[in-house]
Amino acid sequence: MRIGVLGTGNMADALATHWVRAGHQVTIGGRSAHKAERLATRIRGGVKSASLRGAAEFGQVVLAALPFGAGADVARDLHAALEGKVLIDCSNPVGADFQLLTEGGPSAARRLAAAAPGAHVVKAFNLCHQDVWRMRPPVFDRRPLAVPVCGDDETALARVRELVRDLGCEPVAGGGLERAGLLEATAALFIALWVGEGADAQAIAPPLAYAAGPSPQETDRGTGHSVRST
């Protein structure tokens, strides 16, 4: 697969490195030719550097590894080059005090889609720190990291699911692009818990078997009564 990467930061580095190891062709695009070339040289594996437009034109899949606010502007400038392409948004619109910057408006992913209406935007890779994505692979308690993926085009989703698996992770169907805002809000909450409170965000969710409450057969060991409320 040909992958164009828009951006030269940590997320571009972490994800592109895995995809090169998986055998994909990658071109790094940046506003700074020097930064793009430096990242391409560091990743190695035949990675090339280009302008933002060059990377967009190269990729069948394009990763927008850009800060919130910059992504839509870049997509708008490159909308013709992004026509028909899969455009992955991994941004988190989270500001000071862990505020969700899109509250009351379109999600970051929907803004990207509006800026490049011919592209197939998919939201993914936004729930973890870049150093998690550098892991080979991201496995915790012997379980591969699950990666929610939101989008409206099935072909685009299939390609992104392949790229998720190339990291050693498991893709999770997150619904259509209208649910991307939920993923972004989840990231804002998790970052506030992890960074602001030092809390284990993973511990707030019960195992899948208990997601809807215990079964009627599950009883209180102390009383013999069902623990499900009536």
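Residues numbered from 1 in each chain as written. Predicted model: local features only at pLDDT ≥ 70, side-chain atom pairs only at ≥ 80, totals over all residues. Heavy atoms only, no water.

Quick rundown of unusual backbone geometry? Include the residues and the values.
With an omega of -5 degrees, the peptide bond running from Arg-136 to Pro-137 counts as cis. Looking at the element boundaries, Pro-137 is found in the loop between α6 (130-133) and β7 (139-140). The phi dihedral of Arg-44 is positive, around 65 degrees, even though this residue is not glycine. Along the polypeptide, Arg-44 turns up in the loop between α2 (33-43) and β3 (48-50). For Asp-97, which is not a glycine, the phi torsion comes out positive at approximately 60 degrees. (Helix = DSSP H or I, 4+ residues; strand = E, 2+ residues; numbered from the N terminus.)

Just give me the short version of the confidence of the model for the chain, but keep the residues and values in it.
Summing up the model confidence of the chain, the mean pLDDT is 94 and the portion of residues at 70 or higher is 94%. Under a pLDDT of 50 for its full length, residues 226-230 has, in the predicted model, 12 contacts with residues more than four places off or in other chains. (pLDDT = per-residue confidence, 0-100. Contact = heavy atoms within 4.5 Å.)

I'd love a proper account of the environment of Leu-39, names of residues and values included.
Mapped onto the fold, Leu-39 is located in helix α2. Looking at Leu-39, the relative accessible area reads 1%, which means it is buried. A C-alpha to C-alpha distance of 8.1 Å links Leu-39 and Ser-49, two positions 10 residues apart in sequence. Beyond its immediate sequence surroundings of up to four residues, Leu-39 is in contact with Gly-7, Thr-8, Gly-9, Ala-12, Asp-13 and Ile-28. (Buried < 20%, exposed > 50% of the residue type's maximum accessible area, 1.4 Å probe, protein only.)

So what about the pattern of salt bridges? Which residues, and what values?
It is possible for side chains of opposite charge to pair when their charged atoms get near one another. Counted according to the given criterion, the structure contains seven salt bridges. Two residues, Asp-13 and Arg-42, come together in a salt bridge whose shortest N-O distance is 3.2 Å. With Asp-13 in helix α1 (residues 10-21) and Arg-42 in helix α2, this residue pair connects regions lying 29 residues apart in the sequence. By relative accessible area, Asp-13 is classed as buried at 9%. Owing to a relative accessible area of 49%, Arg-42 belongs among the partly exposed residues under this scheme. Asp-73 is the salt-bridge partner of Arg-76, the closest N and O atoms lying 3.1 Å from each other. Taken together, the residues span about one helical turn, with Arg-76 and Asp-73 both in helix α4 (residues 70-77) at a distance of three residues. (Salt bridge = Lys/Arg side-chain N within 4 Å of Asp/Glu carboxyl O.)

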